[in-house]
Amino acid sequence: MHPPTGMVSPRGPVFAALIERVEAPDPATVVIHGKGASGLLLPLFANGWNVIIPKHIAEKDPVNALKTTIIGTGPFRLKEPPTSSLWKYERNPEYFQKDRPFLDALEIHLVTDPQSLVAAILSKRLFWSDVIPHLNMDRDRSQATVQQNPHLVRSSGSVVVVEHLTLQTEKPPFDDLRVRQALSEALQREAFSEWGTQSGAVGTGNYPFGPWGMPKEMRNQLIGYGPDMAKRIAHAKALLAAYEQEKGKIDWKKIKAQCASNIQLSCENGQVMQQLLKKINVHVDLEPMLLSQLRANEISGNYLMSLLGAALNFDDPIDAFGQLFVTNGGRWYQRHSLPELDRLFEQQKFMAEPEARQKVVWEMDTMAMNDAAYLVLLWPEVYHVRWDFVKGWILTPNVWSTNARMDNVWLDLPELPHAR
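Everything numeric in this text was worked out from a predicted model, so none of it was measured. (Residues numbered from 1 in each chain as written. Predicted model: local features only at pLDDT ≥ 70, side-chain atom pairs only at ≥ 80, totals over all residues. Heavy atoms only, no water.)

Draft legend 1. Region of interest: the packing of helix H14 (residues 339–348) against helix H15 (residues 354–371). At their nearest, the axes of H14 and H15 sit 10 Å apart, and the two run at 160° to each other. One finds that H14 runs roughly antiparallel with respect to H15. Judged by the twist between their axes, the crossing of H14 over H15 is left-handed. Every residue of H15 that contacts H14 at Glu-340, Leu-341, Leu-344, Phe-345, Gln-347 and Gln-348 is listed here: Arg-357, Val-360, Val-361, Glu-363, Met-364, Met-367 and Ala-368. When its residues are assigned to classes, the contact of H14 with H15 shows eight nonpolar, two polar and three charged. (Axes fitted to C-alpha atoms, helices over the stretch in contact; angles between N-to-C directions. Helix = DSSP H or I, 4+ residues; strand = E, 2+ residues; numbered from the N terminus. Parallel < 35°, antiparallel > 145°, perpendicular 65-115°, else oblique. Left-handed = near helix turned anticlockwise from the far one by under 90°. Contact = heavy atoms within 4.5 Å. Nonpolar A, V, L, I, M, F, W, Y, C, P; charged D, E, K, R; others polar.)

Draft legend 2. The state of the cysteines, seen in detail. In the structure shown here, the tally under the stated rule is one disulfide. The side chain of Cys-259 participates in a disulfide bridge whose partner is Cys-267; the two sulfur atoms lie 2.1 Å from each other. Taking the sign of the S-S torsion, about 90° here, the bridge from Cys-259 to Cys-267 comes out right-handed. (Disulfide = S-S within 2.5 Å.)

Draft legend 3. Just the pattern of salt bridges, in detail. For the structure shown, the criterion picks out 17 salt bridges. Here Arg-178 ties to Asp-176 by a salt bridge, and the two come within 2.9 Å at their closest N and O atoms. With its nearest N and O atoms 2.8 Å apart, the salt bridge here joins Glu-346 to Lys-349. For Glu-346, a relative accessible area of 46% corresponds to the partly exposed category. Overall, Lys-349 belongs to the buried group, its relative accessible area being 5%. The structure contains a network of salt bridges with shared partners spanning Asp-176, Arg-178, Glu-246 and Lys-247. (Salt bridge = Lys/Arg side-chain N within 4 Å of Asp/Glu carboxyl O. Buried < 20%, exposed > 50% of the residue type's maximum accessible area, 1.4 Å probe, protein only.)

Draft legend 4. The nonpolar core, seen in detail. Of all hydrophobic cores here, the largest spans 39 residues; its most connected members are Phe-321, Leu-324, Phe-325 and Tyr-374. Elements with a minimum of two residues in this core: helix H1 (12–18), helix H13 (317–324), H14, H15 and strand S12 (374–387). Ranked by residues supplied to this core, first place goes to H15 with six residues. Those residues in contact with Leu-324 that lie beyond four places of it in its chain are Val-162, Ala-310, Leu-312, Arg-331, Tyr-333, Gln-334 and Tyr-374. Listed in part, the 37 residues of the second largest apolar core include Ala-257, Cys-267, Val-282 and Leu-375. (Core = buried A, V, L, I, M, F, W, Y, C linked by side-chain atoms within 4.5 Å.)

Draft legend 5. Up close: the environment of Leu-122. Along the polypeptide, Leu-122 turns up in helix H5 (residues 114–122). Residues Leu-122 and Leu-40, 82 residues apart in the sequence, show an inter-C-alpha distance of 41 Å. With residues up to four places along the chain from it excluded, the contact list for Leu-122 reads Thr-145, Gln-148, Leu-152 and Trp-387.

Draft legend 6. Fine view of helix H12 (residues 291–300). Of the positions making up H12, those classed as buried are Leu-291, Leu-294, Arg-295, Asn-297 and Glu-298. Down the axis of H12, the buried side of the element spans an arc of 160°, and every buried residue falls inside it. More than 90 degrees from the buried face of H12, the exposed residues found are Ser-292 and Ile-299. Taken together, the buried residues of H12 touch strand S7 (161–167), strand S9 (256–260), strand S10 (285–289) and strand S11 (305–311). Looking one or two places after H12, you find Gly-301, whose phi comes out positive at around 85°. (Arc of directions from axis to C-beta.)

Printed below as a string of structure tokens:
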């Protein structure tokens, strides 16, 4: 639970929020002592991100164990060392479900270019496109793809993924609440679906379709969410004017918003953001870069504005707020601190009465959105294209669910009579 360097995973704070200590009294037993009763505990352990690592590997290199050593008990095992573009798997004969997986082999091709992905599917070099947070198969492209062959199937759904604009609150001008709130007021959230090639739902810090999603009438009272855009634009301009009168004019030419050039939604959201901010006379240039560089900048704090997203594990405030909003949260861009939000987070963790907890959660959500350090742009709808002979694959809200193991997928191919 606590390797020498501490919990390095973004999910670490979620474990820390629920678990007091872990003991191993003998080689075949693990005893977990929770901090309180929580319905999230069992799903947390069932999550596909969480694996058991042999002690000798963890002690040797607790941080890089999964990067340097191939281990695991899943339905497939790596057939050969993976590359940056191809991962080859074979059926694991020792999988605990003896009749799974159905497939004898699996290849995962990492395709970042959208046009290449479509061409590979149409030619049957790939059988389907997975749905991941940084998707390349958007609304328009998926629709155009299935129109080219009647045997292609398109599905879509809402997942526990949030697209965001993160502001660096340790540096001016975003260390000032007025500037952050001004940008939030100018960002009409609906435009990110209406103007782009993707679509999604307007929401706040919690998954909008679950029990913790804030009601629209309450959401409309928040900074950046009211229905009257003229009023919001006027308020944004007033906030910036008050800041500049006190601290001097902001040179927006020196402020750039970084976006990931190899992740379509990142820079596309940036282009929509640029147009919306012009309405309050804010002109921000985009700085496209590879995802690896963008993440490195977020970790080091070497940025002012960053456009990307986050995949969450569960529709639960312990996960969403534990990663994104509490002090020392699991996300590297979460550098801001709101002590009162931290207090409410601790208060709601083990509240058994749903309505009482919901009230506290919405108070946390209100505080985080009005603080405007982490601007939620939308909760995207994801799109998936597959050939109709791919069976047993289901789109689930949790993109990291056990469904991602592919153990229930089979192929109905007449030309391969033994294929399952």
